[in-house]
Amino acid sequence: MAAHAVALEKDFDRFKRELPRDFPDHVRLAYRVDLTGRYLGEPIPHPIGKGSGQLSLNAGQLEDDAAAGLAFVVLKTVIAQDETGAQSMAAWAIHETKMQVERRRSATGRTGWTVTWKGRGWDRSLEEYLALVRAGRDLTRAGGLLVVPSVKYHLPRLGEPFRESEYRHTTGRLAGAWGEAPLLLEKDFSPTLAGDRLAEDRAQILRWLSEVPERIRAAAPFAVRLALKLMNARFDDDFQREMMEAARGADALVCFNRLFDEQHGVAYGAWDLSDRNLRVLSARALTPGASPGSPGSVVASSLGLLPLSGTGNICSGRMIIEYARRGCESVQLHTFFQLPLSEYPATHGSRAQRALHALVFHPQDGLVAVLLELEALGRLERRGGELHFLDLARDAHRPG
Ligand SMILES: Cc1cc2nc3c(=O)[nH]c(=O)nc-3n(C[C@H](O)[C@H](O)[C@H](O)COP(=O)(O)O)c2cc1C
């Protein structure tokens, strides 16, 4: 352990100038730590990906992220349309460029980072989105990084039908651009939706969550693996867990998108977000009789708990571990890739590289340090001589 600590200090220092792209191999050899994660059933070399948003809008960003060594990227959310171009969720396809990276104090008095932005979904044409999907597909096939599109489809009021034409047209075009099964897809239920009148009715939200997966599957020309990115609804923690239950038809859940500040009409994150997310996930992990998909399973059994991907205020390896210990097999960050350069300990490289450097190699709060710490505390055991990141999610639902 002491030898590992010295080696970690050294790696942290020398990688400030340049993070090797194959750092997961290095971590495995040097520390006997297997960082493998999983997103939507796909094994990924480590658990850190980029959440959908303003940082996955063009092919250049994807190429930089592949070069930096991110495990996966979720593209900006496109607003579904039917074959005539009509969009029932058009209010989400608005143009807004200005983002403000700000400090935000939480209810418990801790200061973190949030990005204030009034925009919503993809504001260009579906054709342009499909070109981005094809660029993502090429990077995925070349083994650079896993790229996953994200969609916001029509959500009806209770008693109204779903607009099948939007589901069929948009899913069909995405599948065509991707070219082969399975199509991995994220469906976004956004914070601005949580703040919308559409989401005032609990029964209506539960219906969306239970029916949307089958609508998307029925609309697709071939197999879809679907993650639902759940919003933080404006109801209590129990309802948040009810939402997870209702979403059983998905293959994975992304937990949970940002909070909504009704007074200022904007979404926000920082510690209020991670406090709420981790609280809800902790209570879910205690559900009696629940067990997650076994390691290696592609799609979790509908009787067990769905695989999770965590999102919200992840600015350290220690926070990744908090999500993992509550069942998350991967994490999706946005804000931590947008901080002022002075906030990263690395001195060179893109923001994605600097972020990965801190998240993985920080000697106290990095992924490697915290996994070794858990071993020293007797909370994580080696298998085949190695510590495995994914064992945390596997163990999340075991008693004790
Ligand atoms: C400016 C901005 C735009 C975003 N746009 C989307 C989006 O289009 N679709 C989506 O699913 N999530 C979107 N998100 C949510 C992020 O992907 C992420 O889940 C959330 O910000 C929590 O992670 P963080 O605390 O690391 O930022 C956006 C976040 C920000 C800050």
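Residues numbered from 1 in each chain as written. Predicted model: local features only at pLDDT ≥ 70, side-chain atom pairs only at ≥ 80, totals over all residues. Heavy atoms only, no water.

Student: Tell me about the overall build of the protein, and name the residues and values.
Tutor: Along its length, the protein carries 13 helices and 16 strands. What you see for the protein is a C-alpha radius of gyration of 20 Å, in line with the 21 Å of a compact globule of 400 residues. Its C-alpha atoms give the protein principal-axis dimensions of roughly 65 × 45 × 45 Å. When the 400 residues of the protein are sorted by exposure, 57% land in the buried category. Counted over contacts in the protein with a minimum sequence separation of 6, partners at least 24 positions apart contribute 70%. Accessible surface, the protein as shown: approximately 16,100 Å² in total, 49% of it carbon and sulfur. (Helix = DSSP H or I, 4+ residues; strand = E, 2+ residues; numbered from the N terminus. Rg over C-alpha atoms; globule rule 2.2 N^0.38 Å. Buried < 20%, exposed > 50% of the residue type's maximum accessible area, 1.4 Å probe, protein only. Contact = heavy atoms within 4.5 Å. Areas by Shrake-Rupley, 256 points an atom, 1.4 Å probe, with all protein chains shown as cover.)

Student: Which residues make up the site of the ligand, and what values go with them?
Tutor: In the neighbourhood of the ligand, 20 residues make up the surrounding shell, with Ser52, Lys76, Thr77, Asn313 and Thr335 lying closest. Here threonine 77 contributes a side-chain N or O atom positioned 2.6 Å from a nitrogen atom of the ligand. When the ligand is considered free in solution it has 610 Å² of accessible area, and contact with the protein chains removes 96% of it. When its residues are assigned to classes, the shell around the ligand shows four nonpolar, eleven polar and five charged. (Near = heavy atom within 4 Å. Polar contact = N/O pair within 3.5 Å; in protein donor to acceptor, adjacent residues only side chain to side chain. Nonpolar A, V, L, I, M, F, W, Y, C, P; charged D, E, K, R; others polar.)

Student: Account for the pattern of salt bridges, with residues named and values stated.
Tutor: Applying the stated criterion to the full structure yields 31 salt bridges. Between aspartate 65 and lysine 50 there is a salt bridge, with its nearest N and O atoms 2.7 Å apart. Here lysine 50 lies in strand β4 (residues 48-50) and aspartate 65 lies in helix α3 (residues 59-68), a separation of 15 residues in the sequence. Of the two residues, aspartate 65 and lysine 50, neither departs from the other in class, the shared state being buried. Ionic pairing is found between arginine 215 and glutamate 211, a salt bridge with its closest N-O pair at 3.2 Å. You can see arginine 215 and its partner glutamate 211 sitting in helix α7 (residues 202-219), four residues apart, about one turn around the helix. Each of Arg28, Arg32, Asp34 and Glu386 takes part in a single network of salt bridges with overlapping partners. (Salt bridge = Lys/Arg side-chain N within 4 Å of Asp/Glu carboxyl O.)

Student: Pulling in residues and values, what's your account of helix α10 (residues 317-324)?
Tutor: Within α10, six of the eight residues are buried, leaving the element largely enclosed by the surrounding structure. Taken as a whole, α10 has its buried residues at Gly317, Met319, Ile320, Ile321, Tyr323 and Ala324.

Student: Let's hear about the side chain of lysine 152: which residues, and what values?
Tutor: Mapped onto the elements of the fold, lysine 152 is located in strand β8 (residues 146-152). Here aspartate 188 takes part through its side chain, which lies 3.3 Å from a polar atom of the side chain of lysine 152. Non-local contacts of lysine 152, meaning those with residues more than four positions away in its chain, are made with Thr77, Val78, Ile79, Ala80, Met89, Trp92, Lys187, Asp188 and Ser190.

Student: Pulling in residues and values, what's your account of the pairing of strand β10 (residues 224-229)?
Tutor: The buried fraction of β10 is high, at six of six residues. Burial along β10 is two-sided: the face carrying Val224, Leu226 and Leu228 and the face carrying Arg225, Ala227 and Lys229 are both buried. Note that strand β9 (residues 183-188) and β10 share six bridges and pair parallel. Bridging across to β10, leucine 183 finds its partner in valine 224. Across three bridges, β10 lies against strand β11 (residues 252-255) in parallel orientation. Paired with leucine 228 across the strands is leucine 253, a residue of β11. What joins β10 to β11 is helix α8 (residues 237-246), and the crossover it makes is right-handed. (Pairing = 2+ DSSP bridges. Right-handed = clockwise from strand over helix to strand, strands pointing away.)

Student: Give me the lowdown on the sheet that holds β10, citing residues and values where you can.
Tutor: A barrel is described by the order of its strands in space; here eight strands give the closed sequence β4-β5-β8-β9-β10-β11-β14-β15, paired in parallel fashion. Sheet twist, expressed as the mean angle between neighbouring strand axes with direction ignored, is 30°. Judged from the six bridges that link them, strand β5 (residues 72-79) and β8 form a sheet pairing that is parallel. In the strand pairing of β8, isoleucine 79 is matched with lysine 152. Each of β9 and β10 is contacted by α7, which is oriented at about 150° to β10, the strand it contacts most. (Axes fitted to C-alpha atoms, helices over the stretch in contact; angles between N-to-C directions.)

Student: Can you tell me about the state of the cysteines, naming the residues and giving the values?
Tutor: Under the criterion given, the structure shown has zero disulfides. No disulfide involves cysteine 328; its sulfur sits 6.2 Å from the nearest other cysteine sulfur, which is in cysteine 255. According to the relative accessible area criterion, cysteine 328 is buried, its value standing at 1%. (Disulfide = S-S within 2.5 Å.)

Student: Describe in detail the pairing of strand β7 (residues 111-116), supporting the description with residues and values.
Tutor: Bridging between strand β6 (residues 100-105) and β7 involves six bridges; their strand directions are antiparallel. The partner of arginine 104 across the bridge, within β7, is glycine 112. Between β6 and β7, which follow one another and run antiparallel, lie five residues, and glycine 109 among them has a positive phi close to 90°.

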